[in-house]
6 protein chains.
Amino acid sequence: MRRAVCPGSFDPITNGHLDIIVRASRLFDEVVVAVLINKSKANLFTVDERIDLIREAVRSHPAAPANVVVDSSHGLLVDFCRVRGIQSIVKGLRAVSDFDYELQMAQMNHSLAGVETLFMSTNPQYAFLSSSLVKEVARYGGEVSGLVPDVVLKGLRDRSGS
Amino acid sequence: MRRAVCPGSFDPITNGHLDIIVRASRLFDEVVVAVLINKSKANLFTVDERIDLIREAVRSHPAAPANVVVDSSHGLLVDFCRVRGIQSIVKGLRAVSDFDYELQMAQMNHSLAGVETLFMSTNPQYAFLSSSLVKEVARYGGEVSGLVPDVVLKGLRDRSGS
Amino acid sequence: MRRAVCPGSFDPITNGHLDIIVRASRLFDEVVVAVLINKSKANLFTVDERIDLIREAVRSHPAAPANVVVDSSHGLLVDFCRVRGIQSIVKGLRAVSDFDYELQMAQMNHSLAGVETLFMSTNPQYAFLSSSLVKEVARYGGEVSGLVPDVVLKGLRDRSGS
Amino acid sequence: MRRAVCPGSFDPITNGHLDIIVRASRLFDEVVVAVLINKSKANLFTVDERIDLIREAVRSHPAAPANVVVDSSHGLLVDFCRVRGIQSIVKGLRAVSDFDYELQMAQMNHSLAGVETLFMSTNPQYAFLSSSLVKEVARYGGEVSGLVPDVVLKGLRDRSGS
Amino acid sequence: MRRAVCPGSFDPITNGHLDIIVRASRLFDEVVVAVLINKSKANLFTVDERIDLIREAVRSHPAAPANVVVDSSHGLLVDFCRVRGIQSIVKGLRAVSDFDYELQMAQMNHSLAGVETLFMSTNPQYAFLSSSLVKEVARYGGEVSGLVPDVVLKGLRDRSGS
Amino acid sequence: MRRAVCPGSFDPITNGHLDIIVRASRLFDEVVVAVLINKSKANLFTVDERIDLIREAVRSHPAAPANVVVDSSHGLLVDFCRVRGIQSIVKGLRAVSDFDYELQMAQMNHSLAGVETLFMSTNPQYAFLSSSLVKEVARYGGEVSGLVPDVVLKGLRDRSGS
């Protein structure tokens, strides 16, 4: 069984992330979306909320791929891969500034445990998207529909309304 | 009337910023310098001090352009543009590391409100300049004359002397 | 009168070029599209054909801006600007690989004649487009509708059919 | 059946190429190495020679993967993929200068035919390797053992001796 | 006497740093390794511990260069250079993301005091290495032998065991 | 004796090249400027003319360093280094687009013969300069004084006048 993992903070999932997850689901038997737990970072959504948002976003996507599972990971991603029988890490590349850091992580993960990283080019219409940019725009009341799944749109409104 | 905005933290304004502002003032009927208010960042100068330093630096520049106004902005830059009737954002590009982030912001601002961003290449002699580098050098008593307007030079000395 | 020039080989014009031209036409009183004549390069379309394709593409665009004129230029672009009373060069930036070369040209043109270059970010959906890529795909019978104006689509078919 | 293609000129195959091919062979059921025919480029080895060198290099590799086939392709790579039932293009990324061009090709191929491109990071010890650099060094009698498979080493010596 | 300085945080020294120090020691009469003191950053090892780790790592290296001295620096690096009679700063470059920042620092240091910066390319096998990546991997119990000198390996284990 | 080589086509030498050569002459006991002979490239000046232009430019420079010698090199640069007892290659880096290619060459030269490459940052005021840009501007009668040494200015005028 060919398994891949899509790791990230997903605080929250954007349409750019979702596009990568759905495209990856066509290339592998199973895609595991791993929400990375990083306690030193302040997040808008809890890990459980982020997992629920991803599940709902995948379910509501027109393709609604059935071979996507969502989970959280703390510790080293390569350990997560070994335990789950995952051979590949799949990452979206938006721009050159992503590239250097991601290449270093990829080479480190290969050196640590022989796990391969496969980079997919982000859909150009989402190339300018990031979770932090979405949160910044939403905080000031800017319009982010079209940039995030509907379920996230609702979550962001609840958050700013509270 | 063709209006452009030069946004930034300007903590403090450098000769690189000033060069972009003066050059932009030749291409537009009015240039608005917008000091962006970001409360999560610790600044050396207050917003009012930064505005005064920019006004004085523009006034003392040999070209002393009369069509430059200075103001502060909180919230989304595209909202500031809509309220002021500004069609373009003007930014200086120093290096590739600026490029990716600025391109993402430009595409987001275009997507949010149809506001265009125009990038000008920084004067090569200021390509290595940034406000944070200037502050770091000044903090340790390094010589920054030639890198910032005279009024800022004085402001930095007052600050480190206090 | 605020005039800008959009220079390029335009062999042929793509939807990415057209997008920049139309967006620039909203920021300046007149936009001159300059087809640069470079005899050392083998081109698919003659200079006159390229000019006609650009004129027709601008005319057929939904915005159909009336302040766009098309011409050819040989020699230095800064000389073209001086003769025409043009203050700014407008260029689309697609990616980092464009950036370094364009920055060098911009600084050279500023050093030679004080002409400013303003960079606009390419519409993300055209970020992967280039004239040479379009020609390569068309030569092998690939589908390029959606990537070039209709008039160019017809031109490419005539060319490959001959 | 999950099939991927590793396309390239392979004039000649280097240890960097071979490393990508072998690693890809572990992630897919079948890996097709496609020698791209480009008549406008002067090559050192003929297409048939290049195919033979790749076959021999794969066979002599310690892993000797049995699921690698080698073929040539002219025309569009996406047509090759459709005919062969290939879902993914696999490419090695060495450096940022590769990145922009490859990203454009990936987005074009996705736009043309929905074929995905997966990028793998090149093994750091081969990051400086390219076929053209190897040929240049070999032409002047430099030592390239360790940089290319043994069968290529022999081929380069025969070539420079003739 | 030709003296160069290798500055850095070295929290802790990696095999990538050590490789640059040893190679620089062959090109200059004396190489000073300067541990930069930055009080605003949280470090894993104290300045004195970092100095000891570097000294021991240099001593245990097969080349064991005798012309390497280790010291700490606070304040401006160019002041450190002037006091010590150092003409050149030597830095390893791993990737493009290093490049822009380092170039700005180099031009600032040249502008401040005429001190030259010489960049060496990092050994490709260490291109993905950084102190922070090493610390992150070690914190989660990942294997970092081969990435850092033995004395650092021991230091990291003591640290995570406490 | 600490010797470094500054290699290049130098067709013709620019003020950017000259700046690197003079700065390198302060860091090494002898600097050898090596004009690389590349028969497959069409050049404006012959190898002997280029050597003479470099010699005259160094002699006329205010610093007039006495430890600079000029020669030509065909074949591999590392062979040139071995024959001359040169330990280091010195190159100017202007921009990121230089970086990747130069890094590959540096790593290849280190792998081939243990020769180190030291990169110096180009003086920002010459960051946009290249021999080919200078030739293009001069061909169309543009003003290049200030960009090249006086002796080259004269050479370019003689050339375009013939």
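Residues numbered from 1 in each chain as written. Chains lettered and ligands numbered in written order. Predicted model: local features only at pLDDT ≥ 70, side-chain atom pairs only at ≥ 80, totals over all residues. Heavy atoms only, no water.

Draft legend 1. Broad picture of the state of the cysteines. Residue and element names in this part refer to chain A. Using the criterion set out here, one finds zero disulfides over all chains in the structure. Looking at the unpaired Cys6, the closest cysteine sulfur is the one in Cys81, lying at 11 Å. Given the relative accessible area of 3%, Cys6 is considered buried. (Disulfide = S-S within 2.5 Å. Buried < 20%, exposed > 50% of the residue type's maximum accessible area, 1.4 Å probe, protein only.)

Draft legend 2. Region of interest: the relation of the copies chain D and chain A. With an RMSD of 0.0 Å, the operation that places chain D on chain A is a rotation of 180° combined with a shift of 0.0 Å along the axis. As the rotation angle and translation indicate, the two copies are arranged about a two-fold axis. Closest to the rotation axis within chain D is the C-alpha of D:Phe119, separated from it by 2.4 Å. A share of 100% of interface residues in chain D that are also interface residues in chain A marks the association as one of identical surfaces. (Least-squares fit on C-alpha atoms with pLDDT ≥ 70 in both. Contact = heavy atoms within 4.5 Å.)

Draft legend 3. Expanded view of the environment of D:Val68. All names here are of chain D. The topology assignment puts Val68 in strand β3 (residues 68–73). On the accessibility criterion, Val68 (13% relative accessible area) is buried. Note: C-alpha distance between Val68 and Arg82 (14 residues apart in sequence) is 18 Å. Excluding anything up to four places from it in sequence, Val68 contacts Ile21, Ser25, Val31, Val33 and Val58. (Helix = DSSP H or I, 4+ residues; strand = E, 2+ residues; numbered from the N terminus.)

Draft legend 4. Local environment of the interface of chain D and chain A. The interface of chain D with chain A comprises 26 residues on the first partner and 26 residues on the second. Overall, the association of chain D and chain A removes approximately 2200 Å² of surface from exposure, summing both partners, and the carbon and sulfur fraction of that is 62%. At the surface where chain D touches chain A, the tally comes to four salt bridges. A salt bridge links D:Arg2 to A:Asp29; its shortest N-O distance comes to 2.9 Å. Where chain D packs against chain A, one counts 13 residue pairs in polar contact (both at pLDDT 80 or more). Counting residues per element, the ones that place at least two in the side of chain D that touches chain A are β4 (88–93), α4 (96–113) and β5 (116–121) of chain D. Among the elements that make up the side of chain D that touches chain A, the one with the highest residue count is α4(D) (seven residues). Classifying every residue of the side of chain D that touches chain A gives 12 nonpolar, seven polar and seven charged. (Buried area = accessible area lost by both parts, 1.4 Å probe. Salt bridge = Lys/Arg side-chain N within 4 Å of Asp/Glu carboxyl O. Polar contact = N/O pair within 3.5 Å; in protein donor to acceptor, adjacent residues only side chain to side chain. Nonpolar A, V, L, I, M, F, W, Y, C, P; charged D, E, K, R; others polar.)

Draft legend 5. Broad picture of the pattern of salt bridges. Counting across every chain of the model gives 72 salt bridges over all chains. For A:Asp11, the salt bridge is made with A:Lys135, and the minimal N-O distance between the two is 2.8 Å. With a gap of 124 residues between them, A:Asp11 in the loop between β1 (3–8) and α1 (15–25) and A:Lys135 in helix α5 (residues 131–139) connect regions that are remote in the sequence. Given the relative accessible area of 2%, A:Asp11 is considered buried. For D:Arg23, the salt bridge goes to A:Glu116, with nearest N and O atoms at 2.8 Å. Taken together, the residues D:Arg23 in helix α1 (residues 15–25) and A:Glu116 in strand β5 (residues 116–121) connect one chain to another. The two residues D:Arg23 and A:Glu116 agree in class, both being buried. Taken together, the salt bridges that share partners define one network made up of A:Asp11, A:Arg50 and A:Lys135.

Draft legend 6. Here's a closer look at the pairing of β4(D). All names here are of chain D. In terms of burial, β4 is a largely internal element, five of the six residues being buried. Two elements, strand β1 (residues 3–8) and β4, share two bridges in a ladder whose sense is parallel. The residue of β4 that forms the bridge with Ala4 is Ser88. (Pairing = 2+ DSSP bridges.)

Draft legend 7. Local environment of the pairing of strand β4 (residues 88–93) of chain A. Examined bridge by bridge, β4(A) and β5(A) share six bridges and lie parallel to one another. From the neighbouring strand, A:Leu93 faces β5(A), where its bridge partner is A:Ser121.

Draft legend 8. Highlighting the side chain of D:Asn67. Residues and elements named next belong to chain D. Its location among the elements puts Asn67 in the loop between α2 (47–60) and β3. Separated by 3.1 Å, the side chain of Asn67 and the backbone oxygen of Phe28 make a polar contact. Separated by 3.2 Å, the side chain of Asn67 and the backbone oxygen of Asp29 make a polar contact. Contacts of Asn67, omitting those with residues within four sequence positions, involve Ser25, Phe28, Asp29, Glu30 and Val31.

Draft legend 9. How the structure looks around unusual backbone geometry. In this model, B:Asp11 is joined to B:Pro12 through a cis peptide bond whose omega is 0°. On the secondary structure map, B:Pro12 appears in the loop between β1 (3–8) and α1 (15–25). The backbone of A:Phe10 shows a phi angle near 50°, a positive value even though the residue is not glycine. Tracing the sequence through the fold places A:Phe10 in the loop between β1 and α1.

Draft legend 10. Quick peek at the arrangement of the chains. Note that chain B does not reach chain D: the shortest distance linking a C-alpha of one to a C-alpha of the other is 11 Å. There is a gap between chain A and chain F: no contact, and a shortest C-alpha distance of 11 Å.

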